[in-house]
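Residues per chain are reported as follows:
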Amino acid sequence: MSKSSERMVKRFGLPFRIAHWTVAFSFLALYITALPMYTEFFDWLWPILGGPANARILHRIFGVTLMVPLFIMIFFDPKALLHWLKSAFTWGKHDIQFLLAFPLVFFGKDKEYPKQDFYNAGEKINSLLQLFCGIGIVGSGIIIWKTNWFPNWLVDIGYPVHAICVGLSVAVVIGHAYLGTFAPDGWKAFRGMVKGEVSEEWAKHHHGRWTDEVEKAKKEKGA
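Residues numbered from 1 in each chain as written. Predicted model: local features only at pLDDT ≥ 70, side-chain atom pairs only at ≥ 80, totals over all residues. Heavy atoms only, no water.

S.K.: Explain helix H7 (residues 121–145) to me, and be specific about the residues and the numbers.
M.R.: Helix length check: H7 (25 residues) gives 35 Å between terminal C-alpha atoms against 36 Å at 1.5 Å per residue, within 8%. Buried within H7 we find Ala-121, Lys-124, Asn-126, Ser-127, Leu-128, Cys-133, Gly-136, Ile-137, Ser-140, Gly-141 and Ile-143. The N-terminus of H7 is capped by Asn-120, whose side-chain oxygen sits 3.0 Å from the backbone nitrogen of Gly-122. (Helix = DSSP H or I, 4+ residues; strand = E, 2+ residues; numbered from the N terminus. Expected span 1.5 Å × (residues − 1). Buried < 20%, exposed > 50% of the residue type's maximum accessible area, 1.4 Å probe, protein only. Polar contact = N/O pair within 3.5 Å; in protein donor to acceptor, adjacent residues only side chain to side chain.)

S.K.: Before we move on, could you go through the environment of Gly-175 and cite the residues and values that matter?
M.R.: One can find Gly-175 in helix H8 (residues 152–179). Along the primary structure Gly-175 and Ala-217 are separated by 42 residues, whereas in three dimensions their C-alpha atoms are 33 Å apart.

S.K.: Could you give an account of the nonpolar core, with specific residues and numbers?
M.R.: Formed by 15 residues in total, the largest nonpolar core has its most connected members in Phe-12, Phe-16, Met-73, Tyr-119 and Ala-203. Residue assignment for this core shows that the elements contributing at least two residues are helix H1 (14–38), helix H5 (78–88) and helix H10 (200–206). Ranked by residues supplied to this core, first place goes to H5 with 3 residues. Leaving out residues up to four positions away in the same chain, Phe-16 has contacts with Met-73, Ala-80, Trp-84, Tyr-119 and Met-193. By size, the runner-up hydrophobic cluster in this structure holds 9 residues, among which are Phe-27, Leu-30, Phe-62 and Cys-165. (Core = buried A, V, L, I, M, F, W, Y, C linked by side-chain atoms within 4.5 Å. Contact = heavy atoms within 4.5 Å.)

S.K.: Report on the side chain of Ser-169, specifying residues and quantitative values.
M.R.: You can see Ser-169 is positioned in helix H8. Residue Ser-169 is classed as buried on the basis of its relative accessible area of 1%.

S.K.: With reference to specific residues and values, describe the packing of aromatic side chains.
M.R.: On inspection of all chains with the given rule, the structure shows 11 aromatic pairs. Centroid distance Phe-25 to Phe-62: 5.7 Å. Interplanar angle 85 degrees. Geometry classified as edge-to-face. Here the residue Phe-25 occupies a position in helix H1, and Phe-62 occupies one in helix H3 (residues 52–65), the gap between them amounting to 37 residues. Taking relative accessible area as the criterion, Phe-62 reaches 17% and is therefore assigned buried. Residues Phe-42 and Trp-44 carry aromatic rings whose centres are separated by 6.2 Å and whose planes lie at 45 degrees to one another, so their mutual orientation is tilted. One aromatic cluster is present, built from ring pairs that chain together Phe-12, Phe-16, Phe-118, Tyr-119 and Trp-210. For the cation-ring pair, Arg-11 lies above Phe-118, with the distance from its terminal atom to the ring centre recorded as 4.3 Å. Positioned over the ring face of Trp-210 is Arg-11, at 5.4 Å from the centre of the ring. (Phe/Tyr/Trp six-rings, centres within 6.5 Å; stacked < 30°, edge-to-face > 60°. Lys NZ or Arg CZ within 6 Å of the ring centre and 35° of its normal.)

Written out as structure tokens, the structure is:
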């Protein structure tokens, strides 16, 4: 089937996509501006970033932009935000079966996934990790930014919490980026976050429970 003849289905609205790419850009910018602060190996970034003082200012600016997507979703698409949060915390037998099958499929074994929801189990784990790591990064970031606002013991905890949350987030982001681009059919998932739509065939294969619900709703509406 040619691309032009593929039937497409709506997956993500514009506010959600803008929020997603704002998070991606902010996280990358935060990571780059933080590297020379953590190790001398990246001292060559200081001149590019305008020196240590300017790098810290940029880091704080991007820390603020990291929080912007939440407000984008609250004001422009609260329904999608609530759906994402509810999905991340809603687990069933099919999610566990997906996780058990995933390593085999990832390494080329011929095994079928059970039908998945709008977000599959892997995406749910990614969502939960990013959610809690994001809270940890922002919360600890505020503490080590405004040290005079908090007791010394909390500031001392803030630094390792910040580093741990960043490390976990980097690992999750790398896996998420690979699965959404270079993995088999990854570019089809990537299209959903760029144009907001995916092929119906891809949706049925990767998110069968969701497409079943959509088709059922259409039939009930047309009845």
